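Below are the chains, spelled out letter by letter.
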Amino acid sequence: MTLDEFKTQCAALAAEAPARVDAAASLDDWTAVRNDLVGRAAGRLTAIMSTLGTLPPEARREAGQLANAVKVEIERLLDARRDALAAAAPSGPRLDRTMPARAAWRGARHPVTLVIDEICGIFRELGFTIALGPEAEHEWYNFGALNFPDDHPAMDMHDTLYLGEGALLRTHTSPVQVRTMQAYPPPIRVLAPGNVYRRDFFDATHAPAFAQLEGLAVDEGISFVDLKATLNEFARRFYGGTRRTRFGPSFFPFTEPSAQMDVEIDLGDGRGTRWVEILGCGMVHPAVLESAGLDSTKYTGWAFGMGPGRIAMSRHGLPDIRLLYDSDVRFLEQFAE
Ligand code: DAH
């Protein structure tokens, strides 16, 4: 081989390289082009350089420098092309379009929500509407207006998170009674569902945050007969017509007299039917009517409060309240309709 022939081969390769490198459309193409142009094993430049030893000794230095310059230039083109391809390629894991899709998820209403919705539906047919109040409540609405004496032991059961400036997380939905009576003139028939908070451990029978459902009826001439008739009708519709109910004495500062209502139900635990307390109730205390601005010589009312979580537990035979408030999808999806 002569120096001229060597130069011609180098020039041909240098002239061809830019178009070849540019044509590489993927990183796989790029690797093939690099192997062909400058690859150590089978590259064309490597083949040209391997002829250096056949040149006259005085030509080898110039030929070597020339071949090396061609190599540097081609590698510069290759580097730039590889960077451009990498920048254009999508980052992250490659999209596998053959992967089977996840089965569609059907959302389900929570078992406690189901109980609340069902009870609200029954009371709606009896002429009740829905009332809502704030979960961050004023102490006066939570206690004072509801006739809790200052520092009364009944408040121990209602220990909660105090938010400062007289605000707290409400311990029951009863404050909505007062807010409703302040906002609307009688006749009042409302149901107030919502979350309440207490300083309780989260164990099988207690939750520090749980749902309550409050009912209130206020008008002229409302008596305990209306309370019993309405709650019996509710129990008949909710539990089925054959269920017996009974009322027993109880105490709440905001009702006088106060009662609890039991329903005879089968909890499905093999022990047959038994009396289960489902709610507290009573005639609205005159002091509560007065704190809401109503004339207690003109108006009377009755109220009740219950825990839809406990009702869901007895309905489904659940042994642990945490099942309801843990939000484990494997449990909750069983209620999908
Ligand atoms: N607020 C009571 C509680 O959380 C429940 C209750 C009892 C509400 C009797 C009432 C009622 O409206 O009449 O323990």
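Quick caveat, the model's predicted, so the values are computed rather than measured. (Residues numbered from 1 in each chain as written. Predicted model: local features only at pLDDT ≥ 70, side-chain atom pairs only at ≥ 80, totals over all residues. Heavy atoms only, no water.)

### Considering the overall build of the chain
- When helices and strands are tallied, the chain shows 12 helices and 10 strands.
- Against the compact-globule benchmark of 20 Å for 337 residues, the chain has a radius of gyration of 41 Å, which places it well outside the compact range.
- The principal-axis extent of the C-alpha atoms belonging to the chain is close to 125 × 50 × 35 Å.
- Out of the 337 residues in the chain, the part that is buried amounts to 40%. (Helix = DSSP H or I, 4+ residues; strand = E, 2+ residues; numbered from the N terminus. Rg over C-alpha atoms; globule rule 2.2 N^0.38 Å. Buried < 20%, exposed > 50% of the residue type's maximum accessible area, 1.4 Å probe, protein only.)

### Details of the site of the ligand
- Neighbouring the ligand are 15 residues, the closest being H172, S174, R198, Q212 and E214.
- H172 is positioned with one of its side-chain polar atoms (N or O) 2.9 Å from a nitrogen atom of the ligand.
- Between the ligand and E214 there is a distance of 2.6 Å, counted from an oxygen atom to a side-chain nitrogen or oxygen.
- Going through the elements one at a time, β6 (209-219), β9 (273-284) and β10 (300-306) are the ones with two or more residues in the shell around the ligand.
- Partitioned by chemical class, the residues of the shell around the ligand number five nonpolar, eight polar and two charged. (Near = heavy atom within 4 Å. Polar contact = N/O pair within 3.5 Å; in protein donor to acceptor, adjacent residues only side chain to side chain. Nonpolar A, V, L, I, M, F, W, Y, C, P; charged D, E, K, R; others polar.)

### Some thoughts on the environment of Y162
- Following the sequence through the fold, Y162 ends up in strand β3 (residues 162-164).
- On the basis of relative accessible area, Y162 is assigned to the partly exposed category, the value being 42%.
- Along the sequence, Y162 and E139 sit 23 residues apart, while their C-alpha atoms lie 9.0 Å from each other.
- If we skip the residues at most four places from it in the chain, Y162 touches E139, F143, A167 and L168. (Contact = heavy atoms within 4.5 Å.)

### Re the domain arrangement of the chain
- Each assigned domain of the chain is listed here: domain 1 (3-88) and domain 2 (111-335).
- Each of domain 1 and domain 2 was reduced to a C-alpha centroid, and the two centroids are 85 Å apart. (Domains from an automatic or database assignment.)

### A look at unusual backbone geometry
- Cis geometry is adopted by the peptide bond preceding P187, which originates at P186 and carries an omega value of 5°.
- With respect to the helices and strands, the residue P187 is situated in the loop between α7 (175-183) and β5 (188-197).
- Looking along the chain, the bond that leaves E256 and enters P257 is cis, with omega of -5°.
- In this structure, P257 sits in strand β8 (residues 255-266).
- Notably, E165 is not glycine yet its phi reads approximately 50°, a positive angle.

### Overview of the sheet that holds β5
- Taken in spatial order, the seven strands make up an open sheet running β1-β5-β6-β10-β9-β8-β7, and their pairing is mixed. Two strands lie at the open edges of the sheet, namely β1 (129-130) and β7 (245-252), each paired on one side alone.
- Of the pairings in the sheet, the one linking β1 to β5 comprises two bridges and is parallel in character. Bridging across to β5, I130 finds its partner in L191. (Pairing = 2+ DSSP bridges.)

### Topic: the side chain of H172
- Following the sequence through the fold, H172 ends up in the loop between β4 (167-169) and α7.
- Separated by 3.0 Å, the side chain of H172 and the backbone oxygen of N142 make a polar contact.
- Here the side chain of H172 touches S174 through a polar contact of 3.5 Å, side chain to side chain.
- Those residues within four positions of H172 in sequence are excluded, and the remaining contacts are N142, L146, F148, H158, V196, R198, Q212 and F254.

### Concerning the pattern of salt bridges
- Taken as a whole and assessed by the stated rule, the structure comprises 18 salt bridges.
- With a shortest N-O distance of 3.4 Å, R20 and E16 are connected by a salt bridge. Residue R20 and its partner E16 are both found in helix α1 (residues 3-23); the two are separated by four residues, about one turn of the helix.
- Looking at R20, the relative accessible area reads 27%, which means it is partly exposed.
- A salt bridge links R244 to E264, with the nearest nitrogen and oxygen atoms 3.0 Å apart. Residue R244 is found in the loop between α8 (224-239) and β7, and its partner E264 is found in strand β8; the two are separated by 20 residues along the sequence.
- Each of E16, R20, D36 and R44 takes part in a single network of salt bridges with overlapping partners. (Salt bridge = Lys/Arg side-chain N within 4 Å of Asp/Glu carboxyl O.)

### What about the packing of helix α5 (residues 111-125) against α8?
- At their nearest, the axes of α5 and α8 sit 10 Å apart, and the two run at 130° to each other. Accordingly, the angle class assigned to the pair α5 and α8 is oblique. As α5 packs across α8, the resulting crossing turns out to be right-handed. Contacts between α5 and α8 involve V115, E118, I119, I122, F123 and E125 on the former and, on the latter, T230, L231, F234, R237 and F238.
- Split into classes, the residues belonging to the contact of α5 with α8 amount to seven nonpolar, one polar and three charged. (Axes fitted to C-alpha atoms, helices over the stretch in contact; angles between N-to-C directions. Parallel < 35°, antiparallel > 145°, perpendicular 65-115°, else oblique. Left-handed = near helix turned anticlockwise from the far one by under 90°.)

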